[in-house]
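Now for the letters of each chain:
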Amino acid sequence: MAIEPVVYGASTRPPRGDYSRAGADYTCPQNFAAYTAADHDTYRRLYERQSALLPGLASEAFIAALPSLGIKDHIPRFEEINERLYKTTGWEIVAVPGLIPEVPFFTLLANRKFPVTDWIRTPAEFDYIVEPDIFHDLFGHVPLLFNPVFADYVQRYGQGGLKAQGLGACEMLSRLYWYTIEFGLIREAGGLRAYGAGILSSSGELPYAVQSPQPQRLPLQLERTMRTRYKIDTYQQTYFVIDSFEQLFDMTAADFAPMYARLRGLPEFAADERGVVAA
């Protein structure tokens, strides 16, 4: 049975990636031999630019974990990262051809496997790419999987996603992913810092999210977050802030089913809508 490409949002462009290589769980071998010298150079330049921006903007936990990715002057082999990652938190990364459906995605996370797109953007897309590529996934997501508390949160998210799918609540839960794992901010002793992969892998959104006076930054509240729509093609207008990864883990310990039922009868918030809701 052929594995079909996945498209999220409105797009007339077919997804990139060779889905004929994928198995039933959407994973595939990393085709390391297919990377060209230009591909490796793109990764090196992206890594060099983004790592230079991190001090004072990225969370301390992310900066501390980043060296665990290993080699930075070319695209790393997944098996080399997995040797270190599995020993540290029991996680491993698996290659996928691109975006994958919700249930396979949740299943991988629930089993401590993080899907990483195995192709890299072209030089023309150096500053902006529509779909996540290997640089976004490796640089943005994987370092914090070396952090035990955050790694446990991501697994819990996958387990919760499988439950949400059965309850028809994936859209609400996807907003929690977006505003924490992709675009989360954390308050540290040195001030506001980024821990979300979408921020950390973006040269423009990293300083904007942390320093710009334009967006609103709200304390993370589950109901407000799950009711808030988000933008996929612009910088965020709303960010949610946590005080620690332990706080994030504790906040998501409860069964979300009663919350889903309650939120279905409430209006949503626009991505740029101001204000909080009563606790």
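Quick caveat: nothing in here was measured; it's all calculated off a predicted structure.

Glancing now at the overall build of the protein chain. Helix and strand counts for the protein chain stand at 12 helices and six strands. The C-alpha radius of gyration computed for the protein chain amounts to 18 Å, which stays within 12% of the reference 19 Å derived for 279 residues, consistent with globular compactness. Residues counted as buried form 52% of the 279 residues belonging to the protein chain. Here the contacts in the protein chain between residues at least 6 apart in sequence split such that 67% fall between residues at least 24 apart. Of the roughly 12500 Å² of accessible surface on the protein chain, 55% is carried by carbon and sulfur atoms.

Glancing now at the packing of helix 6 (residues 148-167) against helix 7 (residues 170-182). Running from N to C, helix 6 and helix 7 point in directions that differ by 165°, and their axes come no closer than 9 Å. Accordingly, the angle class assigned to the pair helix 6 and helix 7 is roughly antiparallel. In this structure, helix 6 meets helix 7 at a crossing whose hand is left-handed. Two secondary-structure elements touch here, helix 6 through Phe 150, Tyr 153, Val 154, Tyr 157, Gly 160, Gly 161, Ala 164 and Gln 165 and helix 7 through Cys 170, Leu 173, Ser 174, Leu 176, Tyr 177, Thr 180 and Ile 181. By residue class, the composition of the contact of helix 6 with helix 7 is 10 nonpolar, five polar and no charged.

As recorded in UniProt, the sites labelled "binding site: Fe cation" (unreviewed entry) are His 136, His 141 and Glu 182. Despite a sequence span of 47 residues, these residues sit close together in the fold, their greatest C-alpha distance being 10.3 Å. Relative to the elements of secondary structure, His 141 occurs in helix 5 (residues 134-141). Among the polar contacts made by the side chain of His 141, one reaches the side chain of His 136 at a distance of 3.4 Å. Excluding its chain neighbours within four sequence positions, the residues that come into contact with Glu 182 are His 136, His 141, Tyr 177, Gly 196, Ala 197, Gly 198 and Ile 199. A polar atom in the side chain of Glu 182 sits 3.0 Å from the side chain of His 141.

Okay, helix 3 (residues 78-89) next. With 12 residues, helix 3 extends 16 Å from end C-alpha to end C-alpha; this agrees with the ideal 16 Å at 1.5 Å per step. Of all the positions in helix 3, only Phe 78, Ile 81, Asn 82, Leu 85 and Thr 89 are classed as buried. The buried side chains of helix 3 occupy one side of the element, clustering within an arc of 100° when seen end-on. Structural note: helix 3 exposes Glu 83 and Lys 87 on the side pointing more than 90 degrees away from its buried face. Close packing links the buried residues of helix 3 with strand 1 (92-96), strand 2 (113-117), helix 5 and helix 6. Following helix 3 by one or two positions, Gly 90 adopts a phi angle in the positive range, close to 80°.

Moving on, we come to helix 1 (residues 37-53). With 17 residues, helix 1 extends 25 Å from end C-alpha to end C-alpha; this agrees with the ideal 24 Å at 1.5 Å per step. For helix 1, the set of buried residues is Asp 39, His 40, Thr 42, Tyr 43, Leu 46, Tyr 47 and Gln 50. All buried residues of helix 1 project into a common sector of 155° when viewed along the axis, lining one side. Exposed side chains of helix 1 directed beyond 90 degrees from the buried face belong to Ala 37, Glu 48 and Ala 52.

Of all five residues that make up strand 1, four are buried, and the element is covered over most of its length. Pairing between strand 1 and strand 2: five bridges, direction parallel. Considered in strand 2, the bridge of Val 96 is made with Thr 117. As a crossover connection, the stretch from strand 1 through helix 4 (residues 102-110) into strand 2 is right-handed.

A few words now on the pattern of salt bridges. Under the counting rule described, the total for this entry stands at 13 salt bridges. Across the salt bridge formed by Lys 113 and Glu 92, the nearest N and O atoms sit 2.7 Å from each other. One end of the pair, Lys 113, is in strand 2; the other, Glu 92, is in strand 1, and 21 residues separate them in sequence. Taking the relative accessible area as the measure of exposure, Lys 113 reaches 27% and is therefore partly exposed. Of the residues examined, Glu 92 reaches a relative accessible area of 25% and is grouped as partly exposed. The residue Arg 121 makes a salt bridge to Asp 133 at a minimum N-O spacing of 2.8 Å. Within this pair, whereas Arg 121 is found in the loop between strand 2 and helix 5, its partner Asp 133 is found in the loop between strand 2 and helix 5, the two being separated by 12 residues in sequence. Comparing Arg 121 with Asp 133, the two get one shared label, buried. Three or more residues are tied together by salt bridges with common partners; here these are Asp 41, Arg 44, Arg 45 and Glu 48.

Conventions we followed
Residues numbered from 1 in each chain as written. Predicted model: local features only at pLDDT ≥ 70, side-chain atom pairs only at ≥ 80, totals over all residues. Heavy atoms only, no water. Helix = DSSP H or I, 4+ residues; strand = E, 2+ residues; numbered from the N terminus. Rg over C-alpha atoms; globule rule 2.2 N^0.38 Å. Buried < 20%, exposed > 50% of the residue type's maximum accessible area, 1.4 Å probe, protein only. Contact = heavy atoms within 4.5 Å. Areas by Shrake-Rupley, 256 points an atom, 1.4 Å probe, with all protein chains shown as cover. Axes fitted to C-alpha atoms, helices over the stretch in contact; angles between N-to-C directions. Parallel < 35°, antiparallel > 145°, perpendicular 65-115°, else oblique. Left-handed = near helix turned anticlockwise from the far one by under 90°. Nonpolar A, V, L, I, M, F, W, Y, C, P; charged D, E, K, R; others polar. UniProt positions renumbered as here; feature names shortened; annotations may be inferred. Polar contact = N/O pair within 3.5 Å; in protein donor to acceptor, adjacent residues only side chain to side chain. Expected span 1.5 Å × (residues − 1). Arc of directions from axis to C-beta. Pairing = 2+ DSSP bridges. Right-handed = clockwise from strand over helix to strand, strands pointing away. Salt bridge = Lys/Arg side-chain N within 4 Å of Asp/Glu carboxyl O.

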